[in-house]
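# Architecture and fold: a report
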Amino acid sequence: MPKIQAATVAEHRARQRAAILDAARSILAEGGSEAPSLAAVAARTGLARPSVYQYFRSRTDLLDAVIVDLLPRWSTYVTQRMRRASTPGDRVLAYVAANLHLVAKGEHAVFRGLSAIASPEALAEPSRRLHEQLRAPLVEALAEHGAPDPAGTAELIQAIVYTASHMIENGVGEAKARSLARGLLEPYLRQPTD
């Protein structure tokens with residue numbers, strides 16, 4: 001029987017489950033055209049394959065769990081970074097920097113991997129919710145900044161994030177991509193609004 005590595009069995013199970021999800025995300029971030037096998041995930045976590053089946057019945061079950069886990073984590077990270085900023089303009093810059101940091105960490109690669117493997121139905125609703133959760137505080141910050149069309153401006157900023165994300169994924173460093181995005185946005189965000 002494996003040793004319990006936590007104060008309680010429930011805590012141990014939660015840690016094991018989190019380790020399995022982290023391993024699956026890591027494998028997805030490395031690319032590949034197939035869903036990670038439960039055996040590969042088990043090997044990455046140092047567990048026996050039957051142990052993984054105690055948490056997930058199949059690859060599909062595991063992928064669904066990765067989706068459920070990944071998207072809210074992304075949203076939470078971005079909104080926390082935005083809340084730390086003191087001005088509406090700084091919140092917009094924090095939105096950009098947080099998204100680019102997650103891309104640089106490989107989280108977007110995980111999402112791309114999921115997109116290539118998971119069924120479109122499994123990703124459609126969580127993806128829509130993520131984009132709405134991210135869009136709302138960005139639009140709010142832009143409205144507070146005084147943008148005449150906060151929703152339209154948010155779309156333009158998202159296009160900058162999208163392009164800078166591709167730059168990172170193509171080998172441009174996070175700092176360089178963030179600097180370029182900031183250079184485009186700062187003049188607008190620093191000017192006084194009427």
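Fair warning: this is a prediction, and the values are worked out from it, not measured in the lab.

## A few points about the pattern of salt bridges
A side chain with one charge may pair with a side chain of the opposite charge, provided their charged atoms come close. For the structure shown, the criterion picks out 12 salt bridges. Here Glu30 and Arg44 are joined by a salt bridge, their closest N and O atoms 3.0 Å apart. With Glu30 in the loop between helix 1 (9-29) and helix 2 (38-45) and Arg44 in helix 2, this residue pair connects regions lying 14 residues apart in the sequence. Residue classification places Glu30 among the exposed positions, given a relative accessible area of 54%. Residue Arg44 is classed as partly exposed on the basis of its relative accessible area of 40%. Between Arg135 and Glu155 there is a salt bridge, with its nearest N and O atoms 3.2 Å apart. One end of the pair, Arg135, is in helix 7 (residues 120-145); the other, Glu155, is in helix 8 (residues 150-169), and 20 residues separate them in sequence. Arg135 sits in the partly exposed class, given a relative accessible area of 28%. A single salt-bridge network, built from bridges that share partners, covers Asp22, Arg25, Asp69 and Arg73.

## What to know about helix 7
The terminal C-alpha atoms of helix 7 lie 36 Å apart, and with 26 residues this matches the ideal 38 Å at 1.5 Å per residue to within 8%. Regarding helix 7, the residues found buried are Leu123, Pro126, Ser127, Leu130, Leu134, Pro137, Leu138, Val139, Ala141, Leu142 and His145. In this structure, the buried residues of helix 7 make contact with helix 4 (59-84), helix 5 (88-105), helix 6 (107-117), helix 8 and helix 9 (174-190).

## So, the packing of helix 5 against helix 9
Packing of helix 5 against helix 9 brings their axes to within 10 Å, and their N-to-C directions diverge by 165°. Put simply, helix 5 runs roughly antiparallel to helix 9. Seen along the crossing, helix 5 lies across helix 9 with a hand that is right-handed. Contacts between helix 5 and helix 9 involve Gly89, Asp90, Val92, Leu93, Val96, Ala97, Leu100, His101 and Ala104 from the first element and Glu174, Ala177, Arg178, Ala181, Arg182, Leu185, Glu186, Leu189 and Arg190 from the second. Classifying every residue of the contact of helix 5 with helix 9 gives 10 nonpolar, 2 polar and 6 charged.

## Brief notes about the nonpolar core
By size, the foremost hydrophobic cluster in this structure holds 56 residues, and its most contacted members are Leu62, Tyr95 and Leu114. For this core, the elements supplying multiple residues, two or more each, are helix 1, helix 2, helix 4, helix 5, helix 6, helix 7, helix 8 and helix 9. It is helix 4 that provides the largest number of residues to this core, a total of 11 residues. For Tyr95, the residues in contact, after removing those within four places along its chain, are Val78, Met82, Leu134, Leu138, Ile157, Gln158 and Val161.

## Quick look at the side chain of Asn99
Among the structural elements, Asn99 can be located in helix 5. Each residue touching Asn99, except ones within four places of it in the same chain, is listed here: Trp74, Val78, Leu134 and Val161.

## Some words on the side chain of Thr79
Looking at the element boundaries, Thr79 is found in helix 4. Assessed through its relative accessible area of 15%, Thr79 is described here as buried. A polar atom in the side chain of Thr79 sits 2.9 Å from the backbone oxygen of Ser75.

## Some words on the packing of helix 5 against helix 7
At a closest axis distance of 7 Å, the pairing of helix 5 and helix 7 adopts a crossing angle of 150°. In terms of orientation, helix 5 lies roughly antiparallel with respect to helix 7. For helix 5 against helix 7, the interelement crossing comes out left-handed. Of helix 7, the residues touching helix 5 (which contributes Pro88, Gly89, Arg91, Val92, Tyr95 and Asn99) are Leu134, Leu138, Ala141, Leu142, Glu144 and His145. Grouping the amino acids of the contact of helix 5 with helix 7 by side-chain chemistry returns 7 nonpolar, 3 polar and 2 charged.

Reading guide: rules and limits
Residues numbered from 1 in each chain as written. Predicted model: local features only at pLDDT ≥ 70, side-chain atom pairs only at ≥ 80, totals over all residues. Heavy atoms only, no water. Salt bridge = Lys/Arg side-chain N within 4 Å of Asp/Glu carboxyl O. Helix = DSSP H or I, 4+ residues; strand = E, 2+ residues; numbered from the N terminus. Buried < 20%, exposed > 50% of the residue type's maximum accessible area, 1.4 Å probe, protein only. Expected span 1.5 Å × (residues − 1). Contact = heavy atoms within 4.5 Å. Axes fitted to C-alpha atoms, helices over the stretch in contact; angles between N-to-C directions. Parallel < 35°, antiparallel > 145°, perpendicular 65-115°, else oblique. Left-handed = near helix turned anticlockwise from the far one by under 90°. Nonpolar A, V, L, I, M, F, W, Y, C, P; charged D, E, K, R; others polar. Core = buried A, V, L, I, M, F, W, Y, C linked by side-chain atoms within 4.5 Å. Polar contact = N/O pair within 3.5 Å; in protein donor to acceptor, adjacent residues only side chain to side chain.

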